[in-house]
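This is what each chain is made of:
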Amino acid sequence: MEGDSTSCALQQDDLCYWMNSLAMAAMRSLTGRFAPYGVTPHQFAILMMCTRGAADTVSGIARAMPIDPAAVSRNVQSLVQKGLLERQPLERDRRSAKLSVSEEGRDLLGELEEHVWANNAMLVRGIDTEERERFVNTIKRMLANTAAYETTRL
């Protein structure tokens, strides 16, 4: 039976349920903070990656982001149309382009980063530094476990 108390209890005790709930809540609040700027959290992440040199092509961003490559391409196109990101064709492969953040994009990033810090502060309100550090270390360990599992599965 789908609605019985056993299935509800299993859901409430499931670690993935709680991680997903937290990720969705954090994303919703960040989406609300970014809405007046016409930028999504994924678009913010793309701008940050290009600014910090983590990736500078659509394919590089797609490898680094945990979203569908087609969604990365759509988000990049949107950022180019808004004038926040610039494309420069690569000499070695004219089908690809180097991405760089425009001056307008850099200015916007400064404002958006303030909202990210405010969102983070809201999320950890009432949680002391030691508890936050343990939580982050646990997440890192879980990500490493997942990566190790993925490599053995292949």
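Small disclaimer: the values here were computed from a predicted structure and weren't measured.

**Q** With reference to specific residues and values, describe the overall build of the chain.
**A** Helix and strand content of the chain: seven helices and two strands. Walking the chain from its N terminus toward its C terminus, one meets helices and strands in the order α-α-α-α-α-β-β-α-α. Radius of gyration (C-alpha) of the chain: 19 Å, far over the 15 Å computed for a compact globule of 154 residues. By its C-alpha atoms, the chain is 60 × 40 × 35 Å across when sized along the principal axes.

**Q** Go over the side chain of Gln43, please, and point to the residues and values.
**A** By the element assignment, Gln43 lies in helix H3 (residues 41–52). When its relative accessible area of 5% is taken as the criterion, Gln43 is described as buried. A distance of 3.2 Å separates polar atoms of two side chains, one belonging to Gln43 and the other to Ser78. Apart from the residues lying within four places of it in its own chain, the contact partners of Gln43 are Gly38, Asn75, Ser78, Leu79 and Lys82.

**Q** Please provide a residue-by-residue account of the packing of aromatic side chains, values included.
**A** Applying the stated criterion across every chain, the model contains two aromatic pairs. Centre to centre, the rings of Tyr17 and Trp18 are 4.9 Å apart; their planes meet at 80 degrees, and the pair counts as edge-to-face. Taking relative accessible area as the criterion, Trp18 reaches 42% and is therefore assigned partly exposed. Between Phe34 and Phe44, the ring centres sit 5.3 Å apart and the planes meet at 50 degrees, which makes this aromatic pair tilted. Here Phe34, found in helix H2 (residues 15–34), pairs with Phe44, found in helix H3; they are 10 residues apart in sequence, far enough to count as distant. For Phe44, a relative accessible area of 11% translates into the label buried.

**Q** Outline the nonpolar core, listing residues and values.
**A** The biggest cluster of nonpolar side chains holds 26 residues, and the ones touching the most others in it are Phe44, Ile46, Ile61 and Leu85. For this core, the secondary structure elements donating two or more residues are H2, H3, helix H4 (58–64), helix H5 (69–81), strand S2 (97–101) and helix H6 (103–123). Apart from residues lying up to four places away in sequence, Leu85 is in contact with Ile46, Leu47, Cys50, Val76, Leu79, Val80, Leu99, Ser100, Val101 and Ser102.

**Q** For the pairing of S2, give the residues involved together with the corresponding values.
**A** Most of S2 is tucked away: four of the five residues are buried. For strand S1 (residues 85–89) and S2, the ladder comprises five bridges, and the chain directions are antiparallel. Across the sheet, residue Leu85 finds its bridge partner in S2, namely Val101.

**Q** Explain the environment of Arg33 to me, and be specific about the residues and the numbers.
**A** Its location among the elements puts Arg33 in helix H2. A residue is classified by how much of its surface remains accessible, and Arg33, at 27% relative accessible area, is partly exposed. Remark: the alpha-carbon pair of Arg33 and Gly53, spanning 20 residues in sequence, is separated by 25 Å.

Here is what the cut-offs are and how they apply
Residues numbered from 1 in each chain as written. Predicted model: local features only at pLDDT ≥ 70, side-chain atom pairs only at ≥ 80, totals over all residues. Heavy atoms only, no water. Helix = DSSP H or I, 4+ residues; strand = E, 2+ residues; numbered from the N terminus. Rg over C-alpha atoms; globule rule 2.2 N^0.38 Å. Buried < 20%, exposed > 50% of the residue type's maximum accessible area, 1.4 Å probe, protein only. Polar contact = N/O pair within 3.5 Å; in protein donor to acceptor, adjacent residues only side chain to side chain. Contact = heavy atoms within 4.5 Å. Phe/Tyr/Trp six-rings, centres within 6.5 Å; stacked < 30°, edge-to-face > 60°. Core = buried A, V, L, I, M, F, W, Y, C linked by side-chain atoms within 4.5 Å. Pairing = 2+ DSSP bridges.

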